[in-house]
Structures are given as C-alpha cells and as structure tokens.
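# Architecture and fold: a report
Each chain, letter by letter, is given below.
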Amino acid sequence: MKALYFILYGAWYVLSLLPLWVHYLFSDVLYLLIYYLLRYRRRVVRSNLATSFSEKSIEELKRIERGFYHFFCDYLVESVKLLTISREELKRRLVFKGTETINEVVESGQSCAVYLGHYCNWEWITSLPLWVTPKAQCGQIYHPLENKVFDRLFLRLRQRMGAVCIPMQDTLRKILEFRRQGQPVVIGYISDQKPHWVNIHHWVDFLHHDTPVLTGTERIARKVGHVVFYMDVRRIRRGYYEAEFKLITRTPDKEAEYALTDRYYELLEASIRRAPEFWLWSHNRWSRTREEFNERFEVIDGKVITKEKS
C-alpha cells in the first residue's frame, strides 16, 4: 500500500509541476475523450439539466452541458496542480472577499461555519488560511475515500495550505475539542450532497425538485453557536475565481428549525442559476424521492425508522 502511494504521489507531483497552460491543453483533450468518446454520465447530466431548467431550450441545455464537461475537466487538472502550486500564484488565482468579517468574528473569540457547494473549484477553497487571521484554524468536513491510497493523497492535497480535514463522522467531536482548547475555527461544509435514507429529515424545493437535504451543518452551528456564512463563488475566467463570504446569521440558535438549511439552498440555487455550468451535474442528486421515502420509512421521535413489512 505504501509503495503504491509513493508511486502515485510521485507521478502526480511530476505532472503537477507543469505550468497551468499545459494542464489546460490536457483538459481540452480530456474533454473530447470524456464527453464524446466515453460519454461519462451523460444520461445523468442531461436528465438533471432538463428537469432543473425546463424553461430553457434544447440548444441552451446543450450549451450548459458542454460547458459543464469543459469545466469538469478543468477542475480535474486544477486539482492536480494544487499539489505544487505556489501560495502566491494560488492567491492570485482565487481571491476571497469579505474576510474582514471572518477576521472580526475570530478576533472576538467566536467561530464560523461556512456553507458551500460543489460549485466552481471547491478544492482550491482549502487555500483560505492564506487569507484570514492566523488566529483561526481553518478546516473542511470531508467524507473519507474508500481507497486508502487516494484518501491519503487527497488529505495531503487538501491540507497543504494549512487547513485541516475533519472526517464527517467526527465533526461535532472535533469542533467541541477545538472549543475546549479556546481555538476559534472557520469550518467549511459542502452540504449539497445526497443524504442517506436514515439521514433525511427535511426537504426543500431546489432547482424545481423536491429535494432531500443534509441538515447536519445547521444542527452543529446551532449547538455550538457558530456565526454562519455562505460562500458565493464565481469563475471570473479560466483558472481565476472569486469567493465572497455572505453572512447568514450571527445567532443560529435564534433561527427557526431548518431556516439556515433553507437559506443555504436559496443562495446555492442563485449561484447555480447565474452560471449553471459550474455545478457538479454528474452527481445523481435526485434519485431519492419523497414517495419512496414515505413507502419505506417513518419518522418516530425524530428518528428515521424502516417500516415493518406487512
């Protein structure tokens, strides 16, 4: 296992040393292979787009579809480049806005929870420690990969700029540990994934779909009193992004149940509608329906229980 890791790491490292303009040449070729030859998840992407934008013409949907695959290939090569890109170049290519509010919160001894989605290059968001006060410990919640070699490699990639990766199942324990240590944190939550059946407690109207959503971010923020933000990311041009912090609430415990989750999905949908090609359309996001949920499960005392077969 160790040998395989070092072989893969060495190959990734050497490839990462190439300038980004060379990576984008690779991306252009990869796009042709993935889109036209392999047709990677074309049915899923096409279905997601058609049902999310029923008001758009076939020509518009095809333009978004091609734009998504172009961007997805750029995301892949930009992630490779993250292994060796300099801090100075990354700061030039991804500019954070609104960090003065983050710093104000941290300087007061409080912590921040930041909602974001699989939108634009979410791997480069791990460069946030280069932009905020060193008093803050930045981190991101992640789902460990089943492949241990790739999991180790991506941990190295995502923690390179000083942020820490926190396994999803350890989120609350780790945040409480930071609080006991008196360490303010800025934690990013990519919360647009499809929840497991037993974790479905809330549904939202998202891109014309009745959508089951994760609510763990809200529950944690309310429990520990973190100031809540949404990160609105824009792609300025190829290889250049802006990420703006938008304050949702300073007092999450005073918000109605699921209000933070609802607001997150409103903001995320606005980002997607502005430039839809930069969201992860290849994810089979709407495969779980409320009808199937009601047939298979029931909620008792806030817990999702499988119905007994008659």
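Here's what I pulled together on the structure shown here. (Residues numbered from 1 in each chain as written. Predicted model: local features only at pLDDT ≥ 70, side-chain atom pairs only at ≥ 80, totals over all residues. Heavy atoms only, no water.)

## Notes on the overall build of the protein chain
Looking only at helices and strands, the protein chain features 11 helices and 11 strands. Relative to its length of 310 residues, the protein chain is compact, with a C-alpha radius of gyration of 20 Å against a globular reference of 19 Å. Each principal axis of the C-alpha atoms in the protein chain carries an extent, and together these give about 55 × 50 × 40 Å. Taking the intrachain contacts of the protein chain between residues at least 6 apart in sequence as the baseline, contacts between residues at least 24 apart amount to 78%. With the model as given, the accessible surface of the protein chain reaches about 15,700 Å², and the carbon-plus-sulfur share is 54%. In the protein chain, 47 side chains carry a positive charge and 37 a negative one; their mean positions are 6 Å apart. (Helix = DSSP H or I, 4+ residues; strand = E, 2+ residues; numbered from the N terminus. Rg over C-alpha atoms; globule rule 2.2 N^0.38 Å. Contact = heavy atoms within 4.5 Å. Areas by Shrake-Rupley, 256 points an atom, 1.4 Å probe, with all protein chains shown as cover. Lys, Arg positive; Asp, Glu negative; His and termini not counted. Charge placed at Lys NZ, Arg CZ, Asp CG, Glu CD.)

## Digging into helix 9 (residues 216–224)
Because an α-helix completes one turn every 3.6 residues, residues spaced three or four positions apart along the sequence face the same direction. Where helix 9 is concerned, the buried positions are T217, E218, I220, A221 and V224. Here the buried residues of helix 9 occupy an arc of 165 degrees about the axis, which is enough to place them on one side. Among the structural elements, strand 2 (112–116), helix 8 (171–180), strand 5 (185–190), strand 8 (227–237) and helix 10 (259–274) are those in contact with the buried residues of helix 9. (Buried < 20%, exposed > 50% of the residue type's maximum accessible area, 1.4 Å probe, protein only. Arc of directions from axis to C-beta.)

## Considering the side chain of T99
With respect to the element layout, T99 can be found in helix 6 (residues 99–107). In this structure T99 comes out as buried when scored by relative accessible area, which is 11%. Excluding anything up to four places from it in sequence, T99 contacts W131, V132 and F245.

## A word on the packing of helix 1 (residues 2–16) against helix 7 (residues 148–158)
At their nearest, the axes of helix 1 and helix 7 sit 9 Å apart, and the two run at 45 degrees to each other. Classified by the angle their axes make, helix 1 and helix 7 are oblique. For helix 1 against helix 7, the interelement crossing comes out right-handed. In this structure, helix 1 contributes K2, L4, Y5, F6, L8, Y9 and W12 to the contact, and helix 7 contributes V149, F150, R152, L153, F154, R156 and L157. Classifying every residue of the contact of helix 1 with helix 7 by side-chain character gives 11 nonpolar, no polar and 3 charged. (Axes fitted to C-alpha atoms, helices over the stretch in contact; angles between N-to-C directions. Parallel < 35°, antiparallel > 145°, perpendicular 65-115°, else oblique. Left-handed = near helix turned anticlockwise from the far one by under 90°. Nonpolar A, V, L, I, M, F, W, Y, C, P; charged D, E, K, R; others polar.)

## Thoughts on a nonpolar patch on the surface
Taken together, the side chains of V29, L33, L37, L38 and Y40 present a nonpolar region at the surface, about 500 Å² in accessible area. Relative to the helices and strands, Y40 is located in the loop between helix 2 (20–37) and helix 3 (42–52). The class of Y40 is partly exposed, set by a relative accessible area of 33%. (Patch = residues over 30% accessible without salt bridge, like charges linked within 9 Å, V, L, I, M, F, W, Y side chains within 5 Å. Salt bridge = Lys/Arg side-chain N within 4 Å of Asp/Glu carboxyl O.)

## Points about the packing of aromatic side chains
In the structure shown here, the tally under the stated rule is 32 aromatic pairs. Each ring, one from F68 and one from Y69, has its centre 5.1 Å from the other, and the planes form 65 degrees; the classification is edge-to-face. Here F68 and Y69 have matching classes, each one buried. Measuring from ring centre to ring centre gives 6.1 Å for F229 and F245, while their planes differ by 80 degrees; the resulting arrangement is edge-to-face. With a gap of 16 residues between them, F229 in strand 8 and F245 in strand 9 (residues 240–249) connect regions that are remote in the sequence. For the residue pair F229 and F245, the accessibility class agrees, reading buried in each case. (Phe/Tyr/Trp six-rings, centres within 6.5 Å; stacked < 30°, edge-to-face > 60°.)

## Brief notes about the pairing of strand 1 (residues 94–97)
Only one face of strand 1 is buried: it carries L94 and F96, and the other face, with V95 and K97, is open. Examined bridge by bridge, strand 1 and strand 9 share 4 bridges and lie parallel to one another. Within strand 9, the position partnered with K97 by the bridge is E244. (Pairing = 2+ DSSP bridges.)

## As for the nonpolar core
Ranked by internal contacts, the top residues of the largest apolar core, which has 89 residues, are V186, F206, M231, I272 and W281. With 10 residues, the top contributor of residues to this core is helix 4 (residues 58–81). In this structure, M231 is in contact with F96, V114, Y115, L116, I125, A243, E244 and F245, ignoring residues within four places of it in sequence. Among the nonpolar cores identified, the runner-up in size contains 6 residues, and I200, W203, F297 and V304 belong to it. (Core = buried A, V, L, I, M, F, W, Y, C linked by side-chain atoms within 4.5 Å.)

## Quick word on unusual backbone geometry
The phi dihedral of C120 is positive, around 55 degrees, even though this residue is not glycine. Considering the arrangement of structural elements, one finds C120 in the loop between strand 2 and strand 3 (137–142). The buried category is assigned to C120, whose relative accessible area is 0%. If you check the backbone angles, L207 has positive phi at about 55 degrees while not being a glycine. Of note, L207 is situated in the loop between strand 6 (203–206) and strand 7 (209–212). For L207, a relative accessible area of 0% gives the class buried.

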